[in-house]
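Fold and geometry: a report
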Amino acid sequence: MIIDCHGHYTTAPGAHTAWREAQQAAFRDGRAAPAYPRISDDEIRESIEGSQLRLMRERGIDLTIFSPRASAMGHHFGDEQVSAAWTRACNDLVARVVRLFPDSFAGVCQLPQSAGVPIGNSIAELRRCVEELGFVGCNLNPDPSGGNWTSPPLTDPSWYPLYQAMVELDVPAMVHVSAVTNPNFHATGSHYLNADTTAFMQFLQSGLFQEFPGLRFVIPHGGGAVPFHWGRFRGLADMLGRPPLHESVLRNVFFDTCVYHQPGINLLFEVIGVDNLLFGSEMVGAVRGIDPLTGEYFDHTRRYVDNLRLSPADRQKVYEDNARRVYPRLITHPG
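Residues numbered from 1 in each chain as written. Predicted model: local features only at pLDDT ≥ 70, side-chain atom pairs only at ≥ 80, totals over all residues. Heavy atoms only, no water.

**Things to note about the overall build of the chain**
- Looking only at helices and strands, the chain has 13 helices and eight strands in total.
- Overall, the chain is about 55 × 45 × 40 Å in size when its C-alpha atoms are taken along their principal axes.
- Each of the 335 residues in the chain was classed as buried or not, and the buried ones make up 54%.
- Sequence-distant contacts in the chain: of pairs separated by 6 or more residues, those separated by 24 or more amount to 76%.
- In the structure as shown, the chain presents an accessible area of about 14000 Å², 51% of it carried by carbon and sulfur atoms.
- For the chain, the distance from the average position of its 28 positive side-chain charges to the average position of its 36 negative side-chain charges is 1 Å. (Helix = DSSP H or I, 4+ residues; strand = E, 2+ residues; numbered from the N terminus. Buried < 20%, exposed > 50% of the residue type's maximum accessible area, 1.4 Å probe, protein only. Contact = heavy atoms within 4.5 Å. Areas by Shrake-Rupley, 256 points an atom, 1.4 Å probe, with all protein chains shown as cover. Lys, Arg positive; Asp, Glu negative; His and termini not counted. Charge placed at Lys NZ, Arg CZ, Asp CG, Glu CD.)

Listed below in structure tokens is the structure:
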């Protein structure tokens, strides 16, 4: 079985996106948001079958761990009530996809984060999604300000209430920022990768996983700059008096394979190793075009992994077993 750990509902029906625009306009005008529209099952099927599901079948992916569109989480916009309403709508829509295609998708929720609002206020939605909707994890935004980084590091005790709930529910978080308002950063080209690298360095500097040995994070996009600068991070751990990375970080932190060229995948596997890698493609997502050098889609990451000619045991880890270890609630999806 091949499990893709990183999929977003980027093709959600237009009425869903239009409601978000109306909600934002209402907030700016000081009005109440309109009622959420009725979206039929057929509209959801149409949005999935011709895009996400078609590509999964073409590329031999059996199951996608599926969450709302990351760039649209928009935690920087509005207030806590706006974020809560939008988050619930997004999570409920993903839950409907999972109900319609239970063999192909497993849900992951966005959290109703809002800049300056305690993360503990997001726990109720996490519990609802896991306990009532059957979701297997969450996406955690380390920068709900939208590129201004006003929140404390992920290792600060202010995040601990969420971590306690994650450990209790036995679900991981993918560290994933959303849209960026800071003009210095392109969302997917720099803000995402900056956040991936920043989160890893925060974990390196702290004793977070001594506090929460059962806590698990997935750092997406191949870990940002981390694999390429692995020697730097090992050296910094030594200079800072931290334990070796395989003891202090890699027992709890994992990376996906959302790296869109063969040399990058080669480096990722050589440096990080198969025990900490989960297959992911992020399709249909950040980079949708065809690579003129290969004639293949950039985000057809299975092709890159297959080219490594892994042993059967290592292939099994990367394509399925590691995902089940990090997302143990996938037990409802037999291999």
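**Quick notes on the pairing of strand β2 (residues 63–68)**
- Counting buried positions along β2 yields six of six residues, so the element is predominantly enclosed.
- As paired elements, strand β1 (residues 3–9) and β2 share five bridges and run parallel to each other. From the neighbouring strand, Ile3 faces β2, where its bridge partner is Leu63.
- Note: β2 against strand β3 (residues 105–110), three bridges, orientation parallel. Counterpart to Ile65 in the pairing with β3 is Ala106. (Pairing = 2+ DSSP bridges.)

**Some thoughts on the sheet that holds strand β6 (residues 217–219)**
- One open sheet accounts for eight strands, arranged β1-β2-β3-β4-β5-β6-β7-β8; its pairing is parallel. In this open sheet, the two strands that pair with only one neighbour each are β1 and β8 (277–278).
- The pairing of β3 with strand β4 (residues 137–140) spans three bridges and is parallel. The residue of β4 that forms the bridge with Cys109 is Cys138.

**Some remarks on the packing of aromatic side chains**
- In total, this model carries 17 aromatic pairs according to the counting rule given.
- Residues Tyr160 and Phe212 carry aromatic rings whose centres are separated by 4.9 Å and whose planes lie at 80° to one another, so their mutual orientation is edge-to-face. Of the two residues, Tyr160 sits in helix α6 (residues 160–169) while Phe212 sits in the loop between α8 (208–211) and β6, which places them 52 residues apart along the sequence.
- For Tyr160, a relative accessible area of 17% gives the class buried.
- Since its relative accessible area comes to 9%, Phe212 is described here as buried.
- Ring geometry for Phe200 against Phe255: centres 6.0 Å apart, planes inclined by 40°, an arrangement best described as tilted. Linking Phe200 in helix α7 (residues 187–205) with Phe255 in strand β7 (residues 253–256), this pair joins segments that are 55 residues apart in sequence.
- Residue class for Phe200 comes out buried when judged on its relative accessible area of 0%.
- Accessibility expressed as a relative area gives 0% for Phe255, which makes it buried.
- Among the aromatic residues, those joined into a cluster by ring pairs are Tyr160, Tyr163, Phe203, Phe209, Phe212 and Phe217.
- In this structure, Arg302 packs its charged tip against the face of Tyr319, placed 6.0 Å from the ring centre. (Phe/Tyr/Trp six-rings, centres within 6.5 Å; stacked < 30°, edge-to-face > 60°. Lys NZ or Arg CZ within 6 Å of the ring centre and 35° of its normal.)

**Describing helix α13 (residues 312–326)**
- For α13, which comprises 15 residues, the first-to-last C-alpha distance of 20 Å matches the rise-based estimate of 21 Å (1.5 Å per residue) to within 8%.
- Tucked into the core, α13 has its buried residues touching β1, β6, β7, α11 (262–272), β8 and α12 (301–306). (Expected span 1.5 Å × (residues − 1).)

**Here's the deal with the pattern of salt bridges**
- The full count for this structure, using the stated rule, is 14 salt bridges.
- For Asp306, the salt bridge is made with Arg315, and the minimal N-O distance between the two is 2.9 Å.
- Judged by its relative accessible area of 30%, Asp306 falls in the partly exposed class.
- For Glu320, the salt bridge goes to Arg324, with nearest N and O atoms at 2.8 Å. Residue Glu320 and its partner Arg324 are both found in helix α13; the two are separated by four residues, about one turn of the helix.
- On the basis of relative accessible area, Glu320 is assigned to the buried category, the value being 7%.
- When salt bridges that share partners are traced, they join Asp92, Glu125 and Arg128 into one network. (Salt bridge = Lys/Arg side-chain N within 4 Å of Asp/Glu carboxyl O.)

**Notes on the state of the cysteines**
- Within the structure shown, the criterion is met by zero disulfides.
- Looking at the unpaired Cys129, the closest cysteine sulfur is the one in Cys109, lying at 4.2 Å. (Disulfide = S-S within 2.5 Å.)

**Considering the environment of Val253**
- Mapped onto the elements of the fold, Val253 is located in strand β7.
- Between the C-alpha atom of Val253 and that of Leu215, which follows or precedes it by 38 residues, the distance is 8.7 Å.

That's the geometry; what it means functionally is another story.
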